[in-house]
Amino acid sequence: MPNVLTASSTVSCGHPPGAVPVQSTAKLRVGTAAVLVKTDIDSKSTDGACGIPVPVQGNKKCTTTTVSQGMATKLTVGGNAVMLEGLLGSTDGTIATAQQAFLAGTANQTKLTSL
């Protein structure tokens, strides 16, 4: 079973350093960190941390995220599915005009898992 993502987790666009800043809106906590739900990650800014080199012809740094997989099927908070370490998604970044699809998350905790 995958670990649940929290505000202490690492969410990345896949282009180092690529950190996507996340803040949780959920009341459920693992230790001192609140769990993440889809709306905490989906359509968020990468805050300029994307490592895609620009200005190179056809390259565009990742600026926003889109979550496609990794929502828990049974664990919810306020009616929203909790996000899991299997998070997958994409960004709006491009390398040589090829759309990038590297959004991922690392839980950084092992106390709470879900299906």
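See above for the structure.
Below is a short write-up of the structure. (Residues numbered from 1 in each chain as written. Predicted model: local features only at pLDDT ≥ 70, side-chain atom pairs only at ≥ 80, totals over all residues. Heavy atoms only, no water.)

Description of the pattern of salt bridges
And step 1. By the definition in use, this model includes 1 salt bridge.
And step 2. For Asp92, the salt bridge is made with Lys60, and the minimal N-O distance between the two is 2.8 Å. Here the residue Asp92 occupies a position in the loop between strand S5 (80–91) and strand S6 (94–95), and Lys60 occupies one in the loop between helix H1 (38–41) and strand S4 (65–77), the gap between them amounting to 32 residues.
And step 3. Its relative accessible area of 36% is what places Lys60 among the partly exposed residues. (Salt bridge = Lys/Arg side-chain N within 4 Å of Asp/Glu carboxyl O. Helix = DSSP H or I, 4+ residues; strand = E, 2+ residues; numbered from the N terminus. Buried < 20%, exposed > 50% of the residue type's maximum accessible area, 1.4 Å probe, protein only.)

A closer look at the sheet that holds strand S1 (residues 10–12)
And step 1. Read across the open sheet, the 4 strands follow the order S1-S8-S5-S4; overall the sheet is antiparallel. If you trace the sheet from one side to the other, it starts and ends with S1 and S4, each paired once. Across the sheet, the mean angle separating the axes of adjacent strands is 25° when strand polarity is ignored.
And step 2. In terms of strand pairing, S5 meets strand S8 (residues 103–106) through 2 bridges, oriented antiparallel. By the bridge assignment, Leu88 is partnered in S8 with Ala104. (Pairing = 2+ DSSP bridges. Axes fitted to C-alpha atoms, helices over the stretch in contact; angles between N-to-C directions.)

A closer look at the state of the cysteines
And step 1. Applying the stated criterion to the full structure yields 0 disulfides.
And step 2. The cysteine Cys13 is free of any disulfide, with Cys50 supplying the nearest cysteine sulfur at 3.9 Å.
And step 3. On the basis of relative accessible area, Cys13 is assigned to the buried category, the value being 0%.
And step 4. Summary of cysteine pairing: Cys50 is not part of a disulfide, and the nearest cysteine sulfur, belonging to Cys62, is at 3.5 Å. (Disulfide = S-S within 2.5 Å.)

In short, the description is geometric, and any link to function would need to be established separately.
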